[in-house]
Amino acid sequence: MAPVKDSAAADNSLRTHLRAATMAAHDLLDHAMQAASGWQTRSDYARFLALQYAARVPLEDWLARHAPGDLSPPPQTPLLARDLAALGLGVPEPAPGLTPAFPLPGEVLGTAWVLAGSALGNRAIAKQVARISGGEWPTAFLGDDTMMAFWQGLRARIERPAEPDEAEGATRAAEAVFAHFLAVAEHGRAPESLPA
């Protein structure tokens, strides 16, 4: 009986709910980011980093103001700035923020879930980048262990059922964050020309 109960609880978890609610947005963003930047050439990779930086600045700023410590993902923009500098580039202008001034229940959690979950995809991208570049391109952002550690801690919180208002707020925020990244990917520009 216990395994069935555990399985039912997992099926009703906030993580399962968020994944189902945002699956289409996640797939759309993956394709849009690949089309907008990719990482097949040094210039493509720099564009990818620049888009990530522009999208993350307002989200990190908002979380810094509203997230309690256990829901505040480690900032990734300093790592992105370091990688861009290693490629001979400055940071782009931040994208406009799309988050509310006063968070409702679950919105911080939904925002943190998207940012932390992206670290899983970053690991796969890091392997591709290392192969393509022969290990010569900087990967402080893609290989960040602190975000992976945050993700592991967040899993305990999202792998349980949530109150309806928390689930609704988390879903609304996660959808808004995916839409924000998508808008940045669709309107992003190539960075300035790279040094040889």
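Throughout this document, residue positions are counted from 1 along each chain, in the order its sequence is written. It should be noted that, the model being predicted, local features are given only for residues of pLDDT at least 70 and side-chain atom pairs only at 80 or more, the latter also being counted only at that level, while totals for whole chains, interfaces and linings use all residues. As a rule here, side-chain values come from all non-hydrogen atoms in the structure, and water together with hydrogens is ignored.

## Here's the deal with helix H6 (residues 145–158)
So, step 1. In this model, H6 (14 residues) spans 20 Å end to end at C-alpha, consistent with the 20 Å of a helix rising 1.5 Å per residue.
So, step 2. Each residue's exposure class comes from its accessible area (1.4 Å probe, protein chains only) as a fraction of the maximum for that residue type: buried when under 20%, exposed when over 50%, partly exposed otherwise. By definition, any uninterrupted DSSP run of H or I lasting at least four residues is a helix, any uninterrupted run of E lasting at least two residues is a strand, and each is numbered from the N terminus. Residues Met-147, Met-148, Phe-150, Trp-151, Leu-154 and Ile-158 constitute the buried set of H6. Burial along H6 is one-sided: seen end-on, the buried residues are contained in an arc of 155 degrees. For H6, exposure combined with an orientation more than 90 degrees from the buried face picks out Asp-145, Ala-149 and Ala-156. Here a helix's expected span is defined as the number of its residues, less one, multiplied by 1.5 Å. This arc is taken over the directions from the axis of the helix to the C-beta atoms.

## Concerning the nonpolar core
So, step 1. Within this scheme, the nonpolar core is defined by two criteria: the residues are buried Ala, Val, Leu, Ile, Met, Phe, Trp, Tyr or Cys, and they are joined through side-chain atoms within 4.5 Å. Among the nonpolar cores identified, the biggest contains 56 residues, and Tyr-45, Phe-48, Leu-49, Trp-113, Leu-142, Leu-154 and Phe-181 are the most heavily contacted of them.
So, step 2. Secondary structure elements with two or more residues in this core: helix H2 (14–36), helix H3 (42–66), helix H4 (77–86), helix H5 (107–133), H6 and helix H7 (164–187).
So, step 3. With 13 residues, the single largest contributor to this core is H3.
So, step 4. By definition in these notes, contact holds between two residues if any of their heavy atoms fall within 4.5 Å. Setting aside anything within four residues of it in sequence, one finds Leu-154 in contact with Leu-71, Leu-109, Ala-112, Trp-113 and Ala-116.

## Focus: H5
So, step 1. The end-to-end C-alpha separation of H5 is 38 Å, in line with the 39 Å expected for 27 residues at 1.5 Å each.
So, step 2. The largest bend along H5 reaches roughly 30 degrees and is located at Gly-121.
So, step 3. Positive backbone phi, approximately 65 degrees, marks Gly-134, located one or two places after H5. For a residue, the bend is simply the angle between two axes, fitted respectively to the seven-residue segment ending there and the seven-residue segment starting there.

## A short note on the pattern of salt bridges
So, step 1. Salt bridge, as applied in this entry: a Lys or Arg side-chain nitrogen positioned within 4 Å of an Asp or Glu carboxyl oxygen. Within the structure shown, the criterion is met by eight salt bridges.
So, step 2. Through salt bridges that share partners, Arg-15, Arg-155 and Glu-159 make up one connected network.

## So, the confidence of the model for the chain
So, step 1. Confidence of the predictor in every single residue is expressed as pLDDT, which spans 0 to 100. Averaged over every residue, the pLDDT of the chain is 84; residues scoring 70 or more account for 85%.
So, step 2. For the chain, per-element mean pLDDT is lowest for helix H1 (residues 2–11), which scores 46, and highest for H4, which scores 98.
So, step 3. Across residues 1–10, where pLDDT falls below 50, the model places two contacts with residues more than four positions away in sequence or in other chains.

## A closer look at the packing of aromatic side chains
So, step 1. Each pair of aromatic rings taken from Phe, Tyr and Trp, with Trp reduced to its six-membered ring, is defined by centres within 6.5 Å and is described as stacked if the planes are under 30 degrees apart, edge-to-face if over 60, and tilted in the remaining cases. All chains considered together, the criterion is met by four aromatic pairs.
So, step 2. Considering the side-chain rings of Trp-39 and Phe-48, the 5.2 Å spacing of their centres and the 70 degrees angle between planes classify their relative orientation as edge-to-face. There is no split in this pair, since Trp-39 and Phe-48 are both buried.
So, step 3. Between Tyr-45 and Phe-48 the ring centres are 6.4 Å apart and the planes differ by 20 degrees, which places this aromatic pair in the stacked class. Remark: Phe-48 and Tyr-45 occur in helix H3; sequence separation between them is three residues, near one turn of the helix. In this pair, the class of Tyr-45 matches that of Phe-48, namely buried.
So, step 4. Ring pairs connect the aromatic residues Trp-39, Tyr-45, Phe-48 and Trp-137, which therefore count as one cluster.

## Comments concerning the packing of H3 against H4
So, step 1. The axes used here are C-alpha line fits, helices contributing only the stretch in contact, and every angle between their N-to-C directions lies in the interval 0 to 180 degrees. In the contact formed by H3 and H4, the axes pass within 9 Å of each other and the chain directions differ by 155 degrees. Of the possible angle classes, the one that applies to H3 and H4 is roughly antiparallel. As for the relative orientation of H3 and H4, their crossing is left-handed in sense. Contact residues: H3 offers Arg-42, Tyr-45, Ala-46, Leu-49, Ala-50, Gln-52, Tyr-53, Arg-56, Val-57 and Glu-60, while H4 offers Thr-77, Pro-78, Leu-80, Ala-81, Asp-83, Leu-84 and Ala-86. Throughout, the term roughly parallel applies to angles under 35 degrees, roughly antiparallel to angles over 145, roughly perpendicular to angles from 65 to 115, and oblique to all others. Two helices cross in a left-handed way if the nearer one is turned anticlockwise from the farther one by less than a right angle. They cross in a right-handed way if the turn is clockwise.

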